[in-house]
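# Observations on chain architecture
Residue strings, one per chain:
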Amino acid sequence: MELRPLGNTGLKISSVGFGASPLGSVFGPVSEDDAVASVREAFHRGINFFDTSPYYGGTLSEKMLGKGLKALGVPRNEYVVSTKCGRYKEGFDFSAERVTRSIDESLERLQLDYVDILQCHDIEFGSLDQIVNETIPALQKLKEAGKIRFIGITGLPLGIFTYVLDRVPSGTVDVILSYCHYSINDSTLVDLLPYLKSKSVGIISASPLAMGLLTENGPPEWHPASPELKVEENVTAALELATFGKDQETLAEVEAILSPVKNQTWPSGIQQG
C-alpha cells in the first residue's frame with residue numbers, strides 16, 4: 001500500500017484509509033468478531049490509517065476499533081488513529097469543556113494513550129466563530145498535554161474550511177477531512193486544493209462512494225442527494241481500475257450522463273456567529 005505524507009504533520013498514511021463508521025453498525029449490524037477481523041485484515045493489507053468518531057454508532061465504533069487495534073498486538077507507532085469531537089448521539093457541543101472531556105472518553109474507548117489526529121466533527125452544524133475562538137484553542141491545549149498530536153476539522157460544505165483557516169494562525173489546523181467532494185459525481189474539492197496547499201494543510205478525502213450513492217446497494221434513506229441521483233447501479237470497483245486501468249470511453253459516457261447534476265449533489269449552508 002502506498003504511503004503518502006499528510007500535509008506538514010510528518011505522518012505517512014496509507015493511500016486508502018479505514019473509515020470505521022461501519023463498526024458502529026451505521027450501515028447494518030457488525031459483530032465484534034467481524035469488526036476485529038476487518039481491522040486485522042486492513043492492517044495486514046497495508047492500511048495504517050483508522051478514522052472514527054464518538055458519533056458513529058453512539059460510541060460503538062470507537063469501542064470496536066479499540067478492540068481491533070489492541071488485537072493487532074503491534075507497536076503503537078505502526079498505525080495512525082483519528083477520532084473526532086463536537087458531534088455526539090445527543091447532539092452537537094463544540095464548547096471547550098465538552099471537547100476536553102470528549103478526548104478522555106474517546107481514549108478510554110479506543111484503549112489508547114493518545115490519538116494522532118483529533119478533528120472537530122461537522123462544524124457547519126455549530127458556530128464557526130466558536131470553532132475559531134473556543135474549540136480550536138481547547139484542542140491546542142490537548143496537543144500540549146500530549147493527548148493528541150494534530151488538529152483537524154471536518155464538514156460537508158467546502159466554504160467552512162476557508163472560513164476557519166483564514167481566521168486562525170498558520171499551522172494551527174493541521175488537517176481537513178472533506179467528504180463526498182472528490183468522486184465521479186462531485187469533484188469540487190479540486191478547486192480548493194491550491195488554497196489548502198498554500199496553507200500547508202493535509203487533506204483527507206472521505207466517502208469516495210458518496211455515502212453509498214455509488215454502491216450497488218444504493219444510498220440509505222437518509223442520504224441528502226436528490227432523487228435523480230439515487231442510482232442503483234455502480235461504477236467499477238477500485239480493484240478493476242487497478243487491474244485494467246481507466247476505461248476512458250466508459251468514463252466519458254458516465255460523466256456525460258452526470259454533467260447536468262455534477263457538483264450539485266449536496267445542500268449547503270454555513271452558520272457563523
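The name given to the protein chain in an unreviewed UniProt entry is NADP-dependent oxidoreductase domain-containing protein, and the organism recorded there is Hevea brasiliensis.

### Concerning the overall build of the protein chain
When helices and strands are counted, the protein chain shows 8 helices and 11 strands. Taken across its 273 residues, the protein chain has 47% of its residues classed as buried. The contacts in the protein chain between residues at least 6 apart in sequence include a share of 70% that link residues at least 24 apart. When the accessible surface of the protein chain is summed, it comes to about 13700 Å², and 52% of that surface belongs to carbon and sulfur atoms.

### Some details on the pattern of salt bridges
Scanning the entire structure with this criterion turns up 14 salt bridges. Residue R109 is joined to E62 by a salt bridge in which the shortest nitrogen-to-oxygen separation is 2.6 Å. You can see R109 sitting in helix 3 (residues 96–110) and its partner E62 sitting in helix 2 (residues 60–72), a full 47 residues away along the chain. Across the salt bridge formed by R149 and D116, the nearest N and O atoms sit 3.0 Å from each other. Taken as a pair, R149 in strand 9 (residues 148–155) and D116 in strand 8 (residues 115–120) lie far apart in primary sequence, 33 residues in all. On the basis of relative accessibility, which here comes to 2%, the residue D116 falls in the buried class. Salt bridges here are not isolated pairs; linked through shared partners, they connect E97, R98, R101 and E105.

### Considerations on the side chain of N48
Mapped onto the elements, N48 comes out in the loop between helix 1 (32–44) and strand 4 (49–51). A distance of 2.7 Å separates a polar side-chain atom of N48 from the backbone nitrogen of S14. Every residue in contact with N48, bar those within four places of it in the chain, is listed here: L3, K12, I13, S14, E78, Y79 and V80.

### Some details on the state of the cysteines
According to the stated counting rule, one finds 0 disulfides in the structure shown. Of all cysteine sulfurs in the structure, the one in C120 sits closest to C85, which takes part in no disulfide; the separation is 4.5 Å. By relative accessible area, which is 0% here, C120 ends up buried.

### Observations regarding empty space enclosed by the protein
Vacant regions in the atomic arrangement are exposed by a probe of water-molecule size rolled over the atoms. Taken as a whole, this structure holds 1 cavity of 30 Å³ or more when the rule is applied. What the largest cavity holds in volume is close to 50 Å³. If you go around the largest cavity, the residues you meet are L165, V168, P169, S170, G171, T172, V173, K199 and V201. Broken down by class, the residue content of the lining of the largest cavity amounts to 5 nonpolar, 3 polar and 1 charged.

### Examining unusual backbone geometry
Positive phi, normally seen in glycine, also occurs at S25, with a value near 60°. Inspection of the secondary structure puts S25 in the loop between strand 3 (18–19) and helix 1. Using a relative accessible area of 30% as the deciding quantity, one classes S25 as partly exposed. For S200, which is not glycine, the phi dihedral falls at a positive 60°. As for its placement among the helices and strands, S200 is situated in the loop between helix 6 (189–198) and strand 11 (202–206).

### A short note on the layout of surface pockets
In this structure, the second largest pocket spans a volume of roughly 240 Å³. Taken together, G17, F18, G19, P22, L23, V30, S38, E41, A42 and I47 make up the full set of residues lining the second largest pocket. Listing elements by their share of the lining of the second largest pocket, those giving two or more residues are strand 3 and helix 1. Broken down by element, the residue count for the lining of the second largest pocket peaks at 3 residues, all from helix 1. Tallied by class, residues from the lining of the second largest pocket come to 6 nonpolar, 3 polar and 1 charged.

Cut-offs used in this document
Residues numbered from 1 in each chain as written. Predicted model: local features only at pLDDT ≥ 70, side-chain atom pairs only at ≥ 80, totals over all residues. Heavy atoms only, no water. Helix = DSSP H or I, 4+ residues; strand = E, 2+ residues; numbered from the N terminus. Buried < 20%, exposed > 50% of the residue type's maximum accessible area, 1.4 Å probe, protein only. Contact = heavy atoms within 4.5 Å. Areas by Shrake-Rupley, 256 points an atom, 1.4 Å probe, with all protein chains shown as cover. Salt bridge = Lys/Arg side-chain N within 4 Å of Asp/Glu carboxyl O. Polar contact = N/O pair within 3.5 Å; in protein donor to acceptor, adjacent residues only side chain to side chain. Disulfide = S-S within 2.5 Å. 1 Å grid on protein atoms, 1.4 Å probe; cavity = no way out; pocket = protein on both sides within 12 Å on 5 of 7 lines; lining within 4 Å. Points joined across faces, edges and corners; volume = space filled by probe spheres on them. Nonpolar A, V, L, I, M, F, W, Y, C, P; charged D, E, K, R; others polar.

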